[in-house]
Amino acid sequence: MNVAWFVIVSLLWTSALAGGAGLLTNGRINARFAQTVWRGAALLAVLPLLIVPLLSLMPAELPSALPDLPYVEPAAGAVSTASASLQSAVSGPEWNWTAPTRLGVLIAGWLGRAVFFLLGQARLQRLKSRSKLIDATIDNLSLTLQGFERVPALRQIEGGSPFVAGVLDRAIYVPQGLETPGDLRQIVIHECVHVRRGDLVTRPIERLVADIFWFSPFAWMMRRELDFWREAVCDEIASNLSGDRIGYARTLAYAARLSAPTRALPVAAFILPRKSALPKR
């Protein structure tokens, strides 16, 4: 399968998956069900990558079982001549540059996505290095129910959205303005739910679908929906744990105002970059 066919098949396949997932998750549905549907669509999207190696195993010429019969030879000769003429027309000198160019564009897109990821990581590390430790006491009852023995460290950043980061030494980063005990408690519960559910690991993997198929708008649709439903599931669990749904919604709205405008980070954040998703949450 050449590059052109790979792109075409990927576009058709991701459009079918995104359309099916969109129909299944349309309207008022359970957040966990919606997340499962979009995760399945993203997982199935990589099938074209598995098909390409399989096609390379097929023989270039299939053996012919037909004997050399007189009434078959004229037709076979005509087909062979037409096929040779078409191949000569397509693979002539003036077309030789197309295949390397398509492959170069595809690879350039992948390299571009890698560069954007590294820039995001660099920005994340810069934010973390400039943060300051917050000396605050958080009610640990809700977190104890999740199996957390202690609340992760709280650190303050100049602006942006609250997020949790770190592998061995995790910390929750909160922007200036969200400093009341009530707001901090809601944010801590939300971010700890992310940690408990393994979102720090699954989020980068799920978002790979748009990096691999960067040329497909339907892959980007999957990425947006996965980000939204991940936060929706976390909102559902965190609001129940907090025992104060109204207070949780108030903190969510206030954090959205503080974080606008902001760019997305390669972490599980309290606020999605698309503000149109906030009313739905």
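Residues numbered from 1 in each chain as written. Predicted model: local features only at pLDDT ≥ 70, side-chain atom pairs only at ≥ 80, totals over all residues. Heavy atoms only, no water.

Trainee: Could you clarify how one ought to interpret the packing of helix α2 (residues 31-44) against helix α10 (residues 217-242) in this entry?
Mentor: Each packed pair of helices is defined by two parameters, the angle between the axes and the distance between the axes. For the pair α2 and α10, interaxial distance at closest approach is 9 Å and the crossing angle is 150°. As judged from the angle between their axes, α2 and α10 are roughly antiparallel. Read as a crossing pair, α2 and α10 show a hand that is left-handed. Between α2 and α10, the contacting residues are A31, R32, A34, Q35, W38, R39, A41 and A42 on the first element and M221, M222, E225, L226, W229, R230, A232, V233, E236 and I237 on the second. Class assignment of the residues belonging to the contact of α2 with α10 gives a composition of 12 nonpolar, 1 polar and 5 charged. (Axes fitted to C-alpha atoms, helices over the stretch in contact; angles between N-to-C directions. Helix = DSSP H or I, 4+ residues; strand = E, 2+ residues; numbered from the N terminus. Parallel < 35°, antiparallel > 145°, perpendicular 65-115°, else oblique. Left-handed = near helix turned anticlockwise from the far one by under 90°. Contact = heavy atoms within 4.5 Å. Nonpolar A, V, L, I, M, F, W, Y, C, P; charged D, E, K, R; others polar.)

Trainee: What am I meant to see in helix α8 (residues 199-206) here?
Mentor: An α-helix turns once per 3.6 residues; consequently, residues spaced three or four apart project the same way. For α8, the full list of buried residues reads D199, R203 and E206. Relative to the axis of α8, the buried residues are bounded by an arc of 70° and lie together on one face. Along α8, exposed side chains directed more than 90 degrees from the buried face belong to V201 and I205. Buried residues along α8 sit in contact with α2, α7 (181-197), α9 (208-212) and α10. (Buried < 20%, exposed > 50% of the residue type's maximum accessible area, 1.4 Å probe, protein only. Arc of directions from axis to C-beta.)

Trainee: Please clarify how the side chain of D235 should be interpreted in this entry.
Mentor: Counting through the fold element by element, D235 comes out in helix α10. A polar side-chain atom of D235 sits 3.4 Å from a polar atom in the side chain of H190. (Polar contact = N/O pair within 3.5 Å; in protein donor to acceptor, adjacent residues only side chain to side chain.)

Trainee: Which parts of the structure should I look at to understand the sheet that holds strand β1 (residues 132-133)?
Mentor: Sheet strands pair via backbone hydrogen bonds, and the direction of the pair is either parallel or antiparallel. A sheet is described by the order of its strands in space; here 4 strands give the open sequence β1-β2-β4-β3, paired in mixed fashion. Only two strands of the sheet have a single neighbouring strand rather than two, namely β1 and β3 (163-165). Relative to strand β2 (residues 153-157), β1 runs antiparallel, the two sharing 2 bridges. Among the inter-strand pairings, L133 is bridged to a residue of β2, identified as R155. Most of the contacts of α7 go to strand β4 (residues 171-175), to which it runs at about 140°, and overall it touches β2, β3 and β4. (Pairing = 2+ DSSP bridges.)

Trainee: How should I be thinking about the environment of R39 in this particular structure?
Mentor: By the element assignment, R39 lies in helix α2. Sequence-wise, R39 and M222 are 183 residues apart; in three dimensions their C-alpha atoms are separated by 8.4 Å. Among residues more than four places away in sequence, those in contact with R39 are D199, T202, E206 and L226. A distance of 2.4 Å separates a polar atom in the side chain of R39 from a polar atom in the side chain of E206.

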